[in-house]
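Coordinate inspection notes
Listed here are the chains, written in short residue letters.
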Amino acid sequence: MAYDDLRSFLETLDKQGQLLHIGEELSPEPDLAAAANAAGRIGDGAPALYFDNLRGFTDARIAMNVHGSWRNHALALGLPAATSVKDQVEEFARRWDAFPVAPERREDAPWRGNSLTGTDVDLFSVLPLFRLNDGDGGFYLDKAAVVSRDPEDPDNFGKQNVGTYRIQVIGRDRLAFQPVPMHDVAQHLRKAEERGEDLPIAITLGNDPVMSIVAGMPMAYDRSEYEMAGALRGAPAPLATAPHTGFDVPWGSEVVIEGVIEGRKRQLEGPFGEFTGHYSGGRRMPVIRVERISYRDDPVFESLYLGMPWTEVDYLVGPNTCVPLLKQLRAEFPEVRAVNAMYTHGLAVIISTAKRYGGFAKAVGLRALTTPHGLGYVSQVIVVDEDVDPFDLPQVMWAMSAKVNPADDVVVIPNLSVVELAPAASPAGITSKMLTDATTPVAPDNRGNFSTPAKDLPETEEWVGRLKSLLAAR
């Protein structure tokens, strides 16, 4: 089932027992963030949370942890709630191959019902804002889809970027914005500033569940997130035209904010509790001037808690980080079997591959470091054999413990790029990267004593099915 907006997905979650209504009166701080933080500690079946009785707000509706479990992630893709993580990743990869699916344009966007412009623009009158962590420097919009265009090629649909970035509210019509240098919006901003221009921008809040997934997905510069959303949904993504910028934005958004990133203007932004599980400090970042806010009747404000993993963000950017890396690697190395980049948005990656010859596994790992996502994120790579499931951590740890000779199989490369938010970077944006070859050596690499491996018995797979059936029938 393809969801056109957040509300229809919340209805499905409710019917599936995956939405928890919390009706008692709560304090926005710390209750909202603490509840969402707690949801991440419940486990893979944690529900989304819905709040509508908040002290200090007269008419607030807030949804959190919407993607915050594998059950909810499966439902977002229209899969049965019990679909395993591995099967979700495999289905994600299968749908990827349907790209591109052209979007469907609609005129009756529900967010057109209300608007604020000019001196009436006031973010605080529309959004029920609250801090997510005690040390945050202010209020954040942390689950938005941000739309921008290439100033040198504005009519190229593929170069229109849709991404998720951290955005701090610093005034009734001002936002501080962090464009990670490796991301498309940073390239758009650089081009605009070189031309002496502001960069028009649209920020959409409360989007359909697949739009939130693709907005956090590493994709090629000229590949459209909207066309990928159609592939993942199995149906064209519904779009509408933002009235102020003329940009393509999701039809079903709760709130659409339009304005410009002011050229060459910077202001202190942060600190913020990040997906790394650490605060990142304050830095001078670009400033957005908000010029129009459009919103639905009684808008639902969607936010996510992020901090020490696992939290909602880890579920949200798990498969959508694994699959692009898998596809990029497999295009050059068809021997690659699977990629697990679930950990901290791919700062650590596990790859399983067959090998053509000695040294091949290291070549695959080095290529992962130089993919578009790898340049900014992948800092540790573990490569395992094709018969090791990279999603089964006990198997991975067996490969690490039994097959790695640190003197020969661990490679450290200094002074490579990484996202500035990585807490181990020194200085910010620079780190050493590590590749661990945990595969069995093959000729002409004849190191070690791996000639007689123990394999699963031929009947084991059949017995797995039998045991599952017996357990289900108890």
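1. Structural notes on the overall build of the protein chain
Scanning the protein chain for helices and strands turns up 15 helices and 23 strands. Taken over C-alpha atoms, the radius of gyration comes to 23 Å for the protein chain, in line with the 23 Å a tight globule of 474 residues would show. Expressed along its principal axes, the backbone C-alpha trace of the protein chain runs to roughly 75 × 60 × 45 Å. If you take every contact in the protein chain between residues at least 6 apart in sequence, the share linking residues at least 24 apart comes to 72%. Split by element, the accessible area of the protein chain, about 19600 Å² in all, is 52% carbon and sulfur.

2. Some remarks on unusual backbone geometry
The phi torsion of most residues other than glycine is negative, and most of the peptide bonds are trans. Here the residue pair Gly 270 and Pro 271 is connected by a cis peptide bond, since its omega of -5° sits within 30 degrees of zero. Here Ala 443 and Pro 444 are connected by a cis peptide whose omega angle stands at 5°. By the secondary structure assignment, Pro 444 is in the loop between strand 23 (430-438) and helix 15 (460-472). Phi angles above zero are rare outside glycine, and Asp 298 is one such case at about 50°. Despite not being glycine, Thr 344 has its phi angle at roughly 55°, a positive value. Mapped onto the fold, Thr 344 is located in the loop between strand 19 (336-343) and strand 20 (348-353).

3. Brief notes about the sheet that holds strand 4 (residues 104-105)
Strand order in the open sheet formed by three strands is 4-12-13, with mixed pairing between adjacent strands. Looking at strand neighbours, the two that pair on one side only are strand 4 and strand 13 (248-250), the edges of this open sheet. In this structure, strand 4 lies alongside strand 12 (residues 238-241), joined through two bridges in parallel fashion. Residue pairing across strands places Arg 105 opposite Leu 239, the latter belonging to strand 12.

4. A short note on the pattern of salt bridges
Side-chain pairing between opposite charges can occur once the charged atoms of the two side chains come close. The tally for this structure, following the rule as stated, stands at 44 salt bridges. Between Arg 296 and Asp 5 there is a salt bridge, with its nearest N and O atoms 3.1 Å apart. Of the two residues, Arg 296 sits in the loop between strand 17 (283-295) and strand 18 (301-303) while Asp 5 sits in the segment before helix 1 (6-15), which places them 291 residues apart along the sequence. Across this residue pair, the class does not change: Arg 296 and Asp 5 are buried. Across the pair Asp 409 and Lys 362 runs a salt bridge, and its minimum N-O distance is 3.5 Å. Here Asp 409 is found in helix 14 (residues 406-409), whereas its partner Lys 362 is found in helix 11 (residues 360-369), with 47 residues between them in sequence. Each of Asp 173, Arg 174, Asp 198, Glu 262, Lys 265, Arg 289 and Glu 291 takes part in salt bridges that share partners, so that together they form one network.

5. A closer look at the sheet that holds strand 21 (residues 380-385)
One open sheet accounts for five strands, arranged 19-20-21-23-22; its pairing is mixed. A single partner strand is all that each edge strand has here, and the edge strands are strand 19 and strand 22 (410-417). Across this sheet, the average inter-strand angle for adjacent strands is 20°, counted without regard to direction. In this structure, strand 20 lies alongside strand 21, joined through six bridges in parallel fashion. Residue pairing in the sheet places Ser 352 in a bridge with Val 384 of strand 21. On top of the sheet, helix 11 reaches strand 19, strand 20, strand 21, strand 22 and strand 23; it is set at about 150° to strand 23, its chief contact. Lying over the sheet, helix 13 (residues 393-403) contacts strand 19, strand 20, strand 21 and strand 23, oriented at roughly 85° with respect to strand 23.

6. Here's the deal with the pairing of strand 10 (residues 174-177)
Two elements, strand 9 (residues 167-171) and strand 10, share four bridges in a ladder whose sense is antiparallel. The residue bridging Val 169 from the neighbouring strand is Leu 175, located in strand 10. Note that strand 10 and strand 17 share three bridges and pair antiparallel. Following the sheet pairing, Arg 174 is matched in strand 17 by Arg 289.

7. Points about the environment of Asp 392
Mapped onto the elements, Asp 392 comes out in the loop between strand 21 and helix 13. For the pair Asp 392 and Ala 338, spaced 54 residues apart in the sequence, the C-alpha separation amounts to 12 Å.

8. Looking at the packing of helix 4 (residues 85-96) against helix 8 (residues 225-233)
Two elements in contact, helix 4 and helix 8, have axes whose closest approach is 8 Å; the angle formed by their N-to-C orientations is 125°. Regarding the angle of helix 4 to helix 8, the classification is oblique. Read as a crossing pair, helix 4 and helix 8 show a hand that is right-handed. Packed against helix 4, whose contacting residues are Phe 92, Arg 95 and Trp 96, the element helix 8 presents Met 228, Ala 231 and Leu 232 at the interface. Across the contact of helix 4 with helix 8, the residue classes tally to five nonpolar, no polar and one charged.

9. Focus on the nonpolar core
By size, the foremost hydrophobic cluster in this structure holds 132 residues, and its most contacted members are Leu 127, Leu 141, Ile 257 and Ile 293. Setting aside residues no more than four positions away along its own chain, Ile 293 makes contact with Asn 114, Ser 115, Leu 116, Val 121, Asp 122, Leu 123, Val 126, Val 255, Val 256 and Ile 257. By size, the runner-up hydrophobic cluster in this structure holds eight residues, among which are Ile 382, Val 384, Val 388 and Ala 399.

10. Topic: the side chain of His 67
As for its placement among the helices and strands, His 67 is situated in the loop between strand 3 (62-64) and helix 3 (70-76). Of the polar contacts made by the side chain of His 67, one reaches the side chain of Lys 143; its length is 2.9 Å. What His 67 contacts, discounting residues up to four positions off in sequence, is Asn 72, Ala 76, Lys 143, Pro 209, Ser 212, Ile 213, Glu 302, Glu 312, Tyr 315 and Leu 316.

11. Some words on the side chain of Glu 274
Turning to its location among the elements, Glu 274 is positioned in the loop between strand 15 (272-273) and strand 16 (279-280). Contacts of Glu 274, omitting those with residues within four sequence positions, involve Arg 166, Ser 280, Leu 306, Gly 307 and Leu 421.

12. Re the pairing of strand 23
As paired strands, strand 21 and strand 23 are joined by five bridges and run parallel to one another. Bridge pairing in strand 23 links Val 383 to Asp 437. Of the pairings in the sheet, the one linking strand 22 to strand 23 comprises six bridges and is antiparallel in character. What sits directly across from Val 411, in strand 23, is Leu 435.

What counts and what doesn't
- Residues numbered from 1 in each chain as written.
- Predicted model: local features only at pLDDT ≥ 70, side-chain atom pairs only at ≥ 80, totals over all residues.
- Heavy atoms only, no water.
- Helix = DSSP H or I, 4+ residues; strand = E, 2+ residues; numbered from the N terminus.
- Rg over C-alpha atoms; globule rule 2.2 N^0.38 Å.
- Contact = heavy atoms within 4.5 Å.
- Areas by Shrake-Rupley, 256 points an atom, 1.4 Å probe, with all protein chains shown as cover.
- Pairing = 2+ DSSP bridges.
- Salt bridge = Lys/Arg side-chain N within 4 Å of Asp/Glu carboxyl O.
- Buried < 20%, exposed > 50% of the residue type's maximum accessible area, 1.4 Å probe, protein only.
- Axes fitted to C-alpha atoms, helices over the stretch in contact; angles between N-to-C directions.
- Parallel < 35°, antiparallel > 145°, perpendicular 65-115°, else oblique.
- Left-handed = near helix turned anticlockwise from the far one by under 90°.
- Nonpolar A, V, L, I, M, F, W, Y, C, P; charged D, E, K, R; others polar.
- Core = buried A, V, L, I, M, F, W, Y, C linked by side-chain atoms within 4.5 Å.
- Polar contact = N/O pair within 3.5 Å; in protein donor to acceptor, adjacent residues only side chain to side chain.

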